[in-house]
Amino acid sequence: MKPLHQIIGKPLITEKTSLQKEIGQVVAFEVVRNANKIEIKQAVEQAFDVKVKKVNTALMAGKVKRRGLVIGKRSNWKKAYVTLEEGSNIDFFGV
C-alpha cells in the first residue's frame, strides 16, 4: 500500500459536503487518480482513526481556462465520498 499522504490529498469543504456530513456522516476528499476504493478506505481509517462504511469515487474533469489568446486545461482529478459508520466522526477544525 502507498503511504497515506500519497493517497489522500485534502478534504473538500464546501456547502454541499458540509450538509452531507451533518445528515449522513459523509466526508469528501480529493485523492490521487490511481487510488482505488480499498486503498482510500484503509488510508482514511488509519489517518483519522474511524470506521468507514463505504467509499464512492468520481473522476472530475479539469476545467478549460483561458488567459488572453492562450487556452489551457487544468488536470483531471478524483473525488472520494467516504461514508462513516455510526459513532465515527472526523473534525477537521478541532473546535
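Let me begin by describing the structure that accompanies this report. (Residues numbered from 1 in each chain as written. Predicted model: local features only at pLDDT ≥ 70, side-chain atom pairs only at ≥ 80, totals over all residues. Heavy atoms only, no water.)

### Topic: the overall build of the chain
Within the chain, the secondary structure is distributed over three helices and six strands. Ordered by position from the N terminus, the helices and strands of the chain form the series α-β-α-β-α-β-β-β-β. Principal-axis analysis of the C-alpha atoms gives the chain an extent of 55 × 30 × 25 Å. Residues classed as buried in the chain amount to 29% of the 95 residues present. Pairs at least 24 apart in sequence give 61% of the contacts found in the chain among residues at least 6 apart. Total accessible area on the chain stands at roughly 6,800 Å², and carbon and sulfur atoms take up 52% of it. Charged side chains of the chain number 18 positive and 9 negative; the gap between the two group centres comes to 14 Å. (Helix = DSSP H or I, 4+ residues; strand = E, 2+ residues; numbered from the N terminus. Buried < 20%, exposed > 50% of the residue type's maximum accessible area, 1.4 Å probe, protein only. Contact = heavy atoms within 4.5 Å. Areas by Shrake-Rupley, 256 points an atom, 1.4 Å probe, with all protein chains shown as cover. Lys, Arg positive; Asp, Glu negative; His and termini not counted. Charge placed at Lys NZ, Arg CZ, Asp CG, Glu CD.)

### Structural notes on the packing of aromatic side chains
A complete count under the given rule lists one aromatic pair for this structure. Each ring, one from Phe29 and one from Phe48, has its centre 5.7 Å from the other, and the planes form 25°; the classification is stacked. You can see Phe29 sitting in strand β2 (residues 26-31) and its partner Phe48 sitting in helix α3 (residues 37-48), a full 19 residues away along the chain. Overall, Phe29 belongs to the buried group, its relative accessible area being 1%. (Phe/Tyr/Trp six-rings, centres within 6.5 Å; stacked < 30°, edge-to-face > 60°.)

### Regarding the environment of Val55
Among the secondary structure elements, Val55 is positioned in strand β3 (residues 52-60). Expressed as a C-alpha distance, the spacing of Val55 and Lys37, which sit 18 residues apart in the sequence, is 6.0 Å. Those residues in contact with Val55, other than ones at most four positions away along the chain, are Lys37, Ile40, Lys41, Ala80, Tyr81 and Val82.

### Overview of the pairing of strand β6 (residues 77-84)
Most of β6 is tucked away, with seven of its eight residues classed as buried. Sheet topology places β2 next to β6; six bridges connect them, and they run antiparallel. Each bridged residue has a counterpart across the sheet, and for Ala28 the counterpart in β6 is Tyr81. (Pairing = 2+ DSSP bridges.)

### Some thoughts on the sheet that holds β3
With antiparallel pairing, four strands are arranged side by side in an open sheet as β1-β2-β6-β3. Edge positions in the open sheet fall to β1 (8-11) and β3, since each of these has one partner strand only. The mean angle between the axes of side-by-side strands here comes to 30°, regardless of whether they run parallel or antiparallel. Of the pairings in the sheet, the one linking β3 to β6 comprises eight bridges and is antiparallel in character. Residue pairing for β6: Leu59 is matched across the bridge by Lys78. Set on the sheet, helix α2 (residues 15-24) makes contact with β2 and β6; between it and β2 the angle comes to about 140°. Here α3 sits on the sheet in contact with β1, β2, β3 and β6, set at roughly 120° to β3. (Axes fitted to C-alpha atoms, helices over the stretch in contact; angles between N-to-C directions.)

Structural measurements only, silent on function.
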